[in-house]
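Results of the structural survey
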There are 2 protein chains.
Amino acid sequence: MELKAEIIAVGTELLLGDILNTNARFLSQQLSLLGLDVYYQEVVGDNPDRMKEVICRAVDRSDVVVLSGGLGPTDDDLTKEMVAQYFELPLIFHEEIMEEMTQYLHGNVPPANKKQAYIPEGAKIIHNSYGTAPGILLERGGKIVILLPGPPRELEPLFLEQVKPYLRAKSDFVMKSKVIRLFGSGESAIAQKVKDLMESANPTLAPYAKDSEVTLRITAKAHTEEEADGCIAKMYEQVADRVGEYIYGFDDDEMKIVVCRMLKERGLTIATAESCTAGMLSSMIADIPGASAVLFESVVTYSNEAKEKYLGVRHETLEQFGAVSPQTAQEMAEGIRRASGADFGIGITGIAGPDGGTPEKPVGLVYLAVAYAGKTVVKELNLYGSRRKVRYASCLHALNEVRKILKSA
Amino acid sequence: MELKAEIIAVGTELLLGDILNTNARFLSQQLSLLGLDVYYQEVVGDNPDRMKEVICRAVDRSDVVVLSGGLGPTDDDLTKEMVAQYFELPLIFHEEIMEEMTQYLHGNVPPANKKQAYIPEGAKIIHNSYGTAPGILLERGGKIVILLPGPPRELEPLFLEQVKPYLRAKSDFVMKSKVIRLFGSGESAIAQKVKDLMESANPTLAPYAKDSEVTLRITAKAHTEEEADGCIAKMYEQVADRVGEYIYGFDDDEMKIVVCRMLKERGLTIATAESCTAGMLSSMIADIPGASAVLFESVVTYSNEAKEKYLGVRHETLEQFGAVSPQTAQEMAEGIRRASGADFGIGITGIAGPDGGTPEKPVGLVYLAVAYAGKTVVKELNLYGSRRKVRYASCLHALNEVRKILKSA
């Protein structure tokens, strides 16, 4: 049976935008991995009528309803009461919860907390050693209703330790997914090439664009892990056939991680000479633990003088072609390679905007050079978006060029 | 009239838990500040029937419905179509949107994107210079429906620049808020000092911690702007009395913006010598438009050799005290100041982790030096958190030291 799930977060602080709804994300991820179909997330405030309305609709249309928040000791905390009312169940006092609370609070249980020891009749207690509010698991009329405390540091372990094993036994399905990471082509161009594959119902294929990258997610639903893996592998083959040239990684493998790993594996080093990116690329590489094996030094040469001083870019080159030119980028890359002794020298120079553009050299024009093994590749990029986006995309393009050279070497 | 508002985020990636619903939080915050009552948030996938169900209920029970996502060029993107269907409005092609898209994409508009130039009849276009999907503003039967693109870097500016002024004119209340930005003390320590002020009902005072910074938000609800301003000013005075020494800016004034502005105003320049931060500080400064007036050059000296070569850090200093030491930081700061001729020379060296720590020099130990006008200030920082957090906090501390020097100069 395919179980339909729904997540309800209770709390006025969410509706005021005081906090991010990280619980909805965590629960969505977990329920999806268990093979449940999450069709809705909702947020409702600590208001009895609106809570009742939301609970009523959720239990009606979904098989599994997970509620978070509103289990605290104050009068505002109403989730348990509203669920009990909906199912017309009395709240029963549990001595064992009182004892657990006493232990958790080192003996000092404020009178208000006694409220937390009441559970709807017939429900199971989700014992909470991370806080005072126990979770509740209620099966009734073919529906499963799960109540969890709001703080993520309580909700997450309670879900993983007690709710997950319970739901796993209820679901006949396994969901697996693989994220394919692509660079060098836009979302709509990629989507165009896999348009027919995106119509597949199982596994599904969904595109997503973020920060100058595109990802394609393959998600398979099956009865066993092996079946799901096979399903994903088959779809992947077809995707790779169409857009293989743009694929650089999978799942959490960011571009900087992939390139750092390749460099490390081959014992190669890199040094950057950055103008418009001003250290962003160097900093991205240093973000990877152990980067000191591949990065020794870099220079930020924002001014023309710095380009001459640190990199030996010729004065005539700057005069004749300008700081933003393929010639300058090339001399920057070769200059930092020479100065640093690194295997790869990167030069980046461009116009990040919002000012500084001209008709011949508009905002978004970036020259990127990669010097390696006696050869220098120079690329012209025409980027768009904010200053930050242009700079970030320049860094990704630089890393991608290094990756392409290493791949073909 | 108090307007009831509701937020609907569209996207299967939210239901799979792939991404956090930051849009719901942003919109909740903004709508609340405008004096609207946000009663519900919902998330629904890219499914026509479920989208119609959610839209229908939202328009029925709320005065203002804000939808985010599902405005892209693919067949999956259905938000606009479902809203048009609900109101029985045809979609009309707008040449001006096509022109804006052509400009944004430098002339290369893929055929699929043409879809984005269609808008429900009678709706207003929310012009988007941050991406290809325009937003939509629809008033119909006393209801206001607003559609915004999903990527936060498009949604947020479009809301602030075009939706906010529009909604402000609709509401009888004025909500105003002022964000006070603090650095150099933790959230709970700050909160402790303004505890009693946090109990005020109007204006409210709420603390928030993010990325090594603390903010305090004063929010006032009033009938006129002047009344709200007066209310905020009075509260601000009390806050400044208690924690004034940590205040560095207001509202969107990030530390890097504040420091860049101060440097520019005085015609001063800065250069960085970065080890563990590896260009992050230089890149943060370059993130500010017009940074070329204050930043000419910087160096990333990850290795000891680079510290000697570029900065003239003495071999004996590195041998005797190590790369992570106050002595090395000082020589780095003085070295880059000398090499660059900049007014401020910054040196940062530390252990960002997760590896590389020792009992004497644990992960999170960072030395920071600022050389200015013949004097060098050296600070020892003991930071915690991820590699990225340690590096980022180091950069903020460096900027804050520069700010303090400039303020007292």
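Residues numbered from 1 in each chain as written. Chains lettered and ligands numbered in written order. Predicted model: local features only at pLDDT ≥ 70, side-chain atom pairs only at ≥ 80, totals over all residues. Heavy atoms only, no water.

1. Let's talk about the overall build of chain A
Basically, it comes down to this: Here a helix means four or more residues in a row that DSSP labels H or I, a strand means two or more in a row labelled E, and each is numbered from the N terminus. This radius of gyration counts C-alpha atoms alone. The globule rule is 2.2 Å times how many residues there are, raised to the power 0.38. Between buried and exposed lies partly exposed: a residue is buried under 20% and exposed over 50% of the maximum accessible area for its type, with that area taken using a 1.4 Å probe on protein chains only. Two residues form a contact once any of their heavy atoms are found within 4.5 Å.
Scanning chain A from N- to C-terminus turns up 14 helices and 17 strands. Relative to the 2.2 N^0.38 estimate, which gives 22 Å for 409 residues, the radius of gyration of chain A is 28 Å and therefore markedly larger than a compact globule would have. Dimensions of chain A, computed from C-alpha atoms along their principal axes, come out at roughly 85 × 50 × 40 Å. Every one of the 409 residues in chain A was classed for burial, and the buried ones make up 56%. In chain A, of all internal contacts separated by at least 6 residues, the share reaching a separation of at least 24 is 67%.

2. Overview of the packing of helix α11 (residues 304–311) of chain B against helix α13 (residues 326–340) of chain B
Two measures define how a pair of helices packs: the angle their axes make with one another and the distance between the axes. Residue and element names in this part refer to chain B. Selection rule: Axes, fitted as lines to C-alpha atoms, cover a helix only where it is in contact. Angles between the N-to-C directions of the axes lie from 0 to 180 degrees. Orientation is classified from the angle alone, with under 35 degrees giving roughly parallel, over 145 giving roughly antiparallel, 65 to 115 giving roughly perpendicular, and any other angle giving oblique. Only Asp, Glu, Lys and Arg are considered charged, only Ala, Val, Leu, Ile, Met, Phe, Trp, Tyr, Cys and Pro nonpolar, and every remaining residue, Gly among them, polar.
The geometry of α11 relative to α13 is characterised by a closest axis approach of 9 Å and an angle of 40° between their N-to-C directions. Viewed along their axes, α11 and α13 adopt a mutual orientation that is oblique. Across from Lys 307, Tyr 310 and Leu 311 in α11, the residues of α13 making contact are Thr 328, Glu 331, Met 332, Gly 335, Ile 336, Arg 338 and Ala 339. When the residues that make up the contact of α11 with α13 are grouped by side-chain class, the tally is 5 nonpolar, 2 polar and 3 charged.

3. A look at the pattern of salt bridges
We apply this condition: Whenever Lys or Arg places a side-chain nitrogen within 4 Å of a carboxyl oxygen from Asp or Glu, that contact is recorded as a salt bridge.
A complete count under the given rule lists 43 salt bridges over all chains for this structure. When the shortest N-O distance is used, the salt bridge between Arg61(A) and Glu42(A) registers 3.5 Å. Of the two residues, Arg61(A) is situated in helix α3 (residues 48–61) and Glu42(A) in strand β2 (residues 37–44); the sequence distance between them amounts to 19 residues. Note on Glu42(A): relative accessible area 3%, which makes it buried. We note a salt bridge from Asp253(A) to Arg261(A), for which the minimum N-O separation is 2.8 Å. Exposure remark for Arg261(A): the relative accessible area of 36% places this residue in the partly exposed category. A single network of salt bridges, built from pairs that share partners, joins Glu6(A), Glu42(A), Glu53(A), Arg57(A), Arg61(A), Glu6(B), Glu42(B), Glu53(B), Arg57(B) and Arg61(B).

4. Topic: the interface of chain A and chain B
Our working definition: As used in this structure description, the phrase polar contact means that two N or O atoms lie within 3.5 Å; if the pair is within protein, one of them must be able to donate a hydrogen and the other to accept it, and residues adjacent in sequence are counted only when both atoms belong to side chains. Two strands form a pair only when DSSP identifies at least two bridges running between them.
At the junction of the two partners, chain A supplies 70 residues and chain B supplies 70 residues. In this assembly, chain A and chain B are joined by 10 salt bridges. At the surface where chain A touches chain B, the tally comes to 47 residue pairs in polar contact (both at pLDDT 80 or more). Looking at which element gives the most residues to the side of chain A that touches chain B, the answer is β2(A), with 7 residues. Bridge analysis of β2(A) against strand β2 (residues 37–44) of chain B gives 5 bridges, and the strand direction is antiparallel. Residue pairing for β2(B): Glu42(A) is matched across the bridge by Glu42(B).

5. Quick word on unusual backbone geometry
Going from Asn202(A) to Pro203(A), the amide bond is cis rather than trans, its omega being 0°. Inspection of the secondary structure assignment puts Pro203(A) in the loop between α7 (187–193) and β10 (204–210). Each neighbour pair has its own omega, and for Gly353(B) with Pro354(B) the value is 0°, a cis peptide bond. Of note, the phi angle at Asp251(A) is positive, near 50°, even though the residue is not glycine. Locating Asp251(A) in the fold gives a position in the loop between β12 (247–250) and α9 (255–266).

6. Examining the sheet that holds strand β15 (residues 344–350) of chain A
Through backbone hydrogen bonds, the strands of a sheet pair up, either in parallel or in antiparallel fashion. Spatially, β17(A)-β16(A)-β15(A)-β13(A)-β14(A)-β14(B)-β13(B)-β15(B)-β16(B)-β17(B) is the arrangement adopted by the 10 strands of the open sheet, whose pairing is mixed. Here the strands that pair on one side only, and so sit at the sheet edges, are β17 (375–382) of chain A together with β17 (375–382) of chain B. Neighbour-to-neighbour, the strand axes of this sheet turn through a mean angle of 15°, independent of strand direction. Both strand β16 (residues 365–372) of chain A and β17(A) contribute to a ladder of 8 bridges, which runs antiparallel. For Ala369(A), the partnering residue across the bridge sits in β17(A) and is Val378(A).

7. Topic: the sheet that holds β10(A)
Residue and element names in this part refer to chain A. One open sheet holds the 4 strands; their spatial order is β10-β11-β9-β12, and the pairing between them is antiparallel. Edge strands, defined here as strands with exactly one partner in the open sheet, are β10 and β12. Looking at each pair of strands side by side, their axes are set apart by 25° on average, direction ignored. As defined by bridge partners, strand β9 (residues 174–182) adjoins β12 across 3 bridges and the pair is classed as antiparallel.

8. Thoughts on the environment of Met198(B)
All names here are of chain B. Tracing the chain through its elements places Met 198 in the loop between α7 (187–193) and β10 (204–210). A residue is classified by how much of its surface remains accessible, and Met 198, at 31% relative accessible area, is partly exposed. As a C-alpha pair, Met 198 and Ile 218 span 20 residues in sequence and 9.4 Å in three-dimensional space. Ignoring any residue separated from it by four or fewer positions in sequence, one finds Met 198 in contact with Ala 191, Leu 205 and Pro 207.

9. Topic: helix α8 (residues 225–243) of chain A
Helical periodicity: at 3.6 residues per turn, an α-helix aligns residues three or four positions apart in one direction. All names here are of chain A. Note the following rule: Working rule for helices: expected span equals 1.5 Å times residues minus one. The directions considered for the arc are those from the helix axis to the C-beta atoms.
Compared with an ideal rise of 1.5 Å per residue, which puts 19 residues at 27 Å, α8 spans 26 Å between its outermost C-alpha atoms and is within 8% of the ideal. Looking only at α8, the buried set comprises Ala 228, Ile 232, Met 235, Val 239 and Val 243. Here the buried residues of α8 occupy an arc of 70° about the axis, which is enough to place them on one side. Along α8, exposed side chains directed more than 90 degrees from the buried face belong to Glu 226, Lys 234, Glu 237 and Asp 241. Along its buried surface, α8 packs onto β9, α7, β10, β11 (213–222) and β12.

10. Here's the deal with the packing of aromatic side chains
Residue and element names in this part refer to chain A. Definition in use: Only centres within 6.5 Å qualify two rings of Phe, Tyr or Trp (six-membered ring in Trp) as a pair; their planes then separate them into stacked at under 30 degrees, edge-to-face at over 60, and tilted for everything else. Each ring is checked for a lysine NZ or an arginine CZ that lies within 6 Å of its centre and within 35 degrees of its normal; such an atom marks a charge sitting over the ring.
Under the definition given, this model contains 12 aromatic pairs over all chains. Seen from their ring centres, Phe 26 and Phe 159 are 5.9 Å apart, and the 85° between their planes marks the pair as edge-to-face. You can see Phe 26 sitting in helix α2 (residues 22–33) and its partner Phe 159 sitting in helix α6 (residues 152–170), a full 133 residues away along the chain. Here Phe 26 and Phe 159 have matching classes, each one buried. The ring of Phe 93 carries the charged tip of Lys 114 above its face, separated from the ring centre by 5.2 Å.

11. Some words on the environment of Asp49(A)
Positionally, Asp49(A) belongs in helix α3. In this structure the C-alpha to C-alpha distance between Asp49(A) and Gly230(A), which are 181 residues apart in sequence, comes to 48 Å.

12. Details of the environment of Gly290(A)
Inspection of the secondary structure puts Gly290(A) in the loop between α10 (280–286) and β14 (297–301). Overall, Gly290(A) belongs to the partly exposed group, its relative accessible area being 35%. Not counting the four nearest positions on each side in its chain, Gly290(A) is found in contact with Lys264(A) and Arg387(B).

13. Description of α3(A)
All names here are of chain A. Taking 1.5 Å of rise per residue, the 14 residues of α3 would be expected to cover 20 Å, and the 20 Å separating its terminal C-alpha atoms lies within 8% of that figure. For α3, the set of buried residues is Arg 50, Met 51, Val 54, Ile 55, Arg 57, Ala 58, Val 59 and Arg 61. At the N-terminal boundary of α3, the capping side chain belongs to Asn 47, with an oxygen 3.1 Å from the backbone nitrogen of Asp 49.

14. Overview of the side chain of Lys256(A)
Residues and elements named next belong to chain A. On the secondary structure map, Lys 256 appears in helix α9. A polar contact is formed between the side chain of Lys 256 and the side chain of Asp 287, at a distance of 2.8 Å. Those residues in contact with Lys 256, other than ones at most four positions away along the chain, are Met 284, Asp 287, Ile 288 and Leu 399.

15. A word on the side chain of Asn23(A)
Among the secondary structure elements, Asn23(A) is positioned in helix α2. Since its relative accessible area comes to 8%, Asn23(A) is described here as buried.

16. Examining the confidence of the model for chain A
Formally: The pLDDT value tells you how sure the predictor is about a given residue, anywhere from 0 up to 100.
In this model, chain A carries a mean pLDDT of 94, and residues with pLDDT of at least 70 account for 100%. Two numbers describe this predicted complex: its pTM, 0.78, and its ipTM, 0.77.

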